[in-house]
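These are the residues of each chain, in order.
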Amino acid sequence: MQKLLTATALTAILASSATAQELTGFNIGILGGENAQDRMTNLECFRAKVEAELGVPTKLFTPADYDGVIQGLLGGSLDFAWLGASAYAKTYLTNPEAVDVMLTKQNTDGTTGYYAIGFAKADSGITSMDDAKGKTFAFADPNSTSGYLVPGAELREAYGTLEDYFAEVKMSGGHEQSIVGVANGDFDAAVAWADGLGNWEDGFSSGAFRKAADSGLVDMTTLTEIWRSKLIPEGPMVARKTLPQDAKDKMFAMLDTMWETDPECAYAVAAGEAQDFVPISHEDYLGIIAARKLQEGM
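Calculation rules
- Residue positions are counted from 1 within each chain, in the order its sequence is given.
- Local features in a predicted model are, by the rule used here, given only for residues with pLDDT of at least 70; side-chain atom pairs are given and counted only at 80 or more, and totals for whole chains, interfaces and linings are based on all residues.
- As a rule here, side-chain values come from all non-hydrogen atoms in the structure, and water together with hydrogens is ignored.
- Salt-bridge detection follows one rule: a side-chain nitrogen of Lys or Arg within 4 Å of a carboxyl oxygen of Asp or Glu.
- Only DSSP runs of H or I reaching four residues or more are called helices, and only runs of E reaching two or more are called strands; each is numbered from the N terminus.
- Angles run from 0 to 180 degrees between N-to-C directions of axes, and those axes are lines fitted to C-alpha atoms, restricted for helices to the stretch in contact.
- Angle categories are assigned with fixed cut-offs, so that under 35 degrees is roughly parallel, over 145 is roughly antiparallel, 65 to 115 is roughly perpendicular, and the rest are oblique.
- Pairs of residues are marked as contacts when any of their non-hydrogen atoms sit within 4.5 Å.
- Residue classes follow a fixed rule: Ala, Val, Leu, Ile, Met, Phe, Trp, Tyr, Cys and Pro count as nonpolar, while Asp, Glu, Lys and Arg count as charged, and any other residue, Gly among them, counts as polar.

Under the definition given, this model contains eleven salt bridges. A salt bridge links Glu51 to Arg47; the shortest N-O distance between them is 3.1 Å. Remark: Arg47 and Glu51 occur in helix 3 (residues 44-54); sequence separation between them is four residues, near one turn of the helix. For the salt bridge of Lys241 with Asp100, the shortest nitrogen-to-oxygen distance reads 2.5 Å. One end of the pair, Lys241, is in the loop between strand 11 (237-240) and helix 10 (245-256); the other, Asp100, is in strand 4 (residues 99-106), and 141 residues separate them in sequence. Salt bridges sharing common partners tie together Glu44, Arg47 and Glu51.

For the pair helix 5 (residues 85-94) and helix 13 (residues 286-295), interaxial distance at closest approach is 9 Å and the crossing angle is 70°. If you check the angle between helix 5 and helix 13, you find them roughly perpendicular. Here helix 5 contributes Ala85, Ser86, Tyr88, Ala89, Lys90, Tyr92 and Leu93 to the contact with helix 13, which in turn contributes Ile288, Ile289, Arg292 and Lys293. Partitioning the contact of helix 5 with helix 13 into residue classes produces seven nonpolar, one polar and three charged.

Written out as C-alpha cells, the structure is:
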C-alpha cells in the first residue's frame, strides 16, 4: 500500500510539474508610482515585445500599491516584475523560492544604484531637512526602498522618531503622488527616487522625477532638492521561479540587448536614460534584506 501511495503521489507531482511548465499566458506586474493608465501606456511597447518573444498572450497588471505586485509574485498570478530592492527583500523573506533574480539597470556612468532624493517647493523656504522640521512629510509606500525603507532609516538615525520631528508623516501611495503632492502644496516635503545624474531641471537622467518631468506633470524648476540618501542598490527584475526555463532565458536575452535593439522602449522601461540592463544576483541584496528584517523585527 505504501508503494502504491508513493507512486500515486509521484504521479500527481509530475502532472503538476508538467502543467506548471505549460506557458499559456504571461503576466507582468508593474509597481505603483504613477497612475495606472500611464503605467499601461508607457510600457505597452514592453508588453508587445514580450508577447512576440514568448508567443503567448501577455498582460500588464498595475496594482494600487507595491504589495499587490509582491503578492502576485508570491501567489503565482504574476510571472515577471521589476521590483525595488525592499520589495524584493519582502518577497524573498516571505518565500525564498518564489522568484529568480535576473537583471537590473546600469546607469549612464556605469553604476547600478540610485538615491532617495528629499525635495520641497523652491519657494517654500525649505532648503534642507533641518528646515523641514515641524512640516508635513511624505514617503511613497511602505514597501518602497527609496520611498521609505532607506530614507526612513537614515532620517531616524539623524533626527530620531520621525513622527515627533515632522508635524505629520504620510504615505502618498507612490513616487509620482509624492512629487505632485509637493508641487500642489499637499505635502511640505517628500522623497522620491532618481539616479542623481544629469540636470535637476530635467528630472535627472532617470527616475521618478524624470518620468514626471517627461509627462509634463511637474516643472522641476518649481522644486528643490533638500536631502540625498546614500547610494541604494538598483532593484532587480525578477521572474517566477517555476516558469519554464526557456521563457526565462528569452526574457533575459531580450532585456539584456534591449538598449541596442529598441532604445526607445528601453528608455520607457528604465524611466529615463541608462547605459544597459545588466545581470544581478541575490547576493547583491543581502544588505537590504538585513535592513528589511530589522525593520520588521525578524
